[in-house]
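Structural characterization, general
Take a look at the letters that make up each chain.
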Amino acid sequence: MSNATVNNVDQIRDIIFGSQIKDFEERFKSFENSMHSIESALKKTFNEAHTKLQRETERSLEALEKKIDNLSSTTQRERTKLKDLIDTTDETLQMQMSNQKDEFATKLRILKENVTDEQNKLVDNMNSMKKEIENLLKTNLDNLSDDKLSRDTMAQMLLEIAMKIQGTDMNQMIAKDEKPAKQ
């Protein structure tokens, strides 16, 4: 088509639809401008929201990292305190156990010495009683001379020996028996 024909078609169209097309074109341009301004506003709002969200996220991450660091250092301090407390308690218990062991060993040694002393005293007492009994038997045998040993004499000798072994004196027993009779 030629340029003249195209101009004629445009002129005919302008005549038939002229005012309506201009009105539609203006509306489309207005609508397009509105769309561009809304799109710009949305982009601006989105960018602002994105920037704000990014800043808030960074702040939250920094705060969270600080809390984690704080919690880590607090945990480390508490762990150190507990370790020190355990070490101190362990040392104290070791010391107490050592002291009790030493004390027990000392008491045991003293008890052994006491038992040994008591045993020695008992042996000495037994030996002295044995000597006394032997002396008493010798004396009584010498007193018998060549006479026959009577039952009463033998009983009295054995009674005296038993009394010596028991640690009592015949004269004391006789004195006790006489006191209640005098009253």
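Keep in mind it's a predicted model, so treat the numbers as computed, not measured.

Looking only at helices and strands, the protein has three helices and zero strands in total. When the helices and strands of the protein are listed from N to C terminus, the series reads α-α-α. Roughly 17,000 Å² of accessible area belongs to the protein as shown, and the carbon and sulfur atoms make up 56% of that amount.

Here the focus is helix α2 (residues 151–166). In this model α2 runs 22 Å from its N-terminal to its C-terminal C-alpha over 16 residues, within 8% of the 22 Å that 1.5 Å per residue would give. For α2, the complete set of buried residues consists of Met 157, Ile 161 and Met 163. For α2, the angular spread of buried residues about the axis comes to 160 degrees, placing them on one side. Relative to its buried face, α2 has exposed residues pointing more than 90 degrees away, namely Arg 151, Asp 152, Leu 158 and Gln 166.

Detailed conclusions should not be drawn from predicted coordinates in areas where pLDDT is low. Predicted confidence across the protein gives a mean pLDDT of 84, with 89% of residues reaching 70 or more. Element-level mean pLDDT values for the protein span from 63 in helix α3 (residues 170–182) up to 88 in helix α1 (residues 3–144).

Together, Ile 12, Ile 15, Ile 16 and Phe 17 make up an exposed nonpolar region whose accessible area comes to about 440 Å². By the secondary structure assignment, Ile 15 is in helix α1.

We now examine the pattern of salt bridges. What the rule picks out here adds up to seven salt bridges. For Asp 87, the salt bridge is made with Lys 83, and the minimal N-O distance between the two is 3.2 Å. Placement of both Asp 87 and Lys 83 in helix α1 is noted, with a separation of four residues, approximately one turn of the helix. According to the relative accessible area criterion, Lys 83 is exposed, its value standing at 53%. Between Glu 103 and Lys 107 there is a salt bridge whose closest N-O contact spans 3.3 Å. Linking Glu 103 with Lys 107, this pair stays in helix α1, spanning four residues, or about one helical turn. Glu 103 sits in the partly exposed class, given a relative accessible area of 44%. Residue Lys 107 is classed as partly exposed on the basis of its relative accessible area, which comes to 49%.

The rules behind each value
All chains use their own residue numbering, which begins from 1 and follows the written sequence. Under the rules for a predicted model, residues below a pLDDT of 70 receive no local features and side-chain atom pairs below 80 are neither given nor counted, while totals for whole chains, interfaces and linings still include all residues. By convention in this description, side-chain values take in all heavy atoms of the structure and omit both hydrogens and water. Helix and strand definitions follow DSSP, with helices as H or I runs of at least four residues and strands as E runs of at least two, each counted in order from the N terminus. Using a 1.4 Å probe, the Shrake-Rupley method yields the accessible areas, and only the shown protein chains count as cover for residues. Each residue after the first adds 1.5 Å to the expected span of a helix. Think of it in three bands: residues with accessible area under 20% of the maximum for their type are buried, residues over 50% are exposed, and the middle band is partly exposed, with areas taken using a 1.4 Å probe on protein chains only. Here the arc refers to the directions that run from the helix axis out to each C-beta atom. How sure the predictor is of each residue is captured by pLDDT, a score from 0 to 100. Each patch is built from salt-bridge-free residues with over 30% relative accessible area, joining like charges within 9 Å and nonpolar side chains (Val, Leu, Ile, Met, Phe, Trp, Tyr) within 5 Å. The salt bridge definition used is simple: a Lys or Arg side-chain nitrogen within 4 Å of an Asp or Glu carboxyl oxygen.

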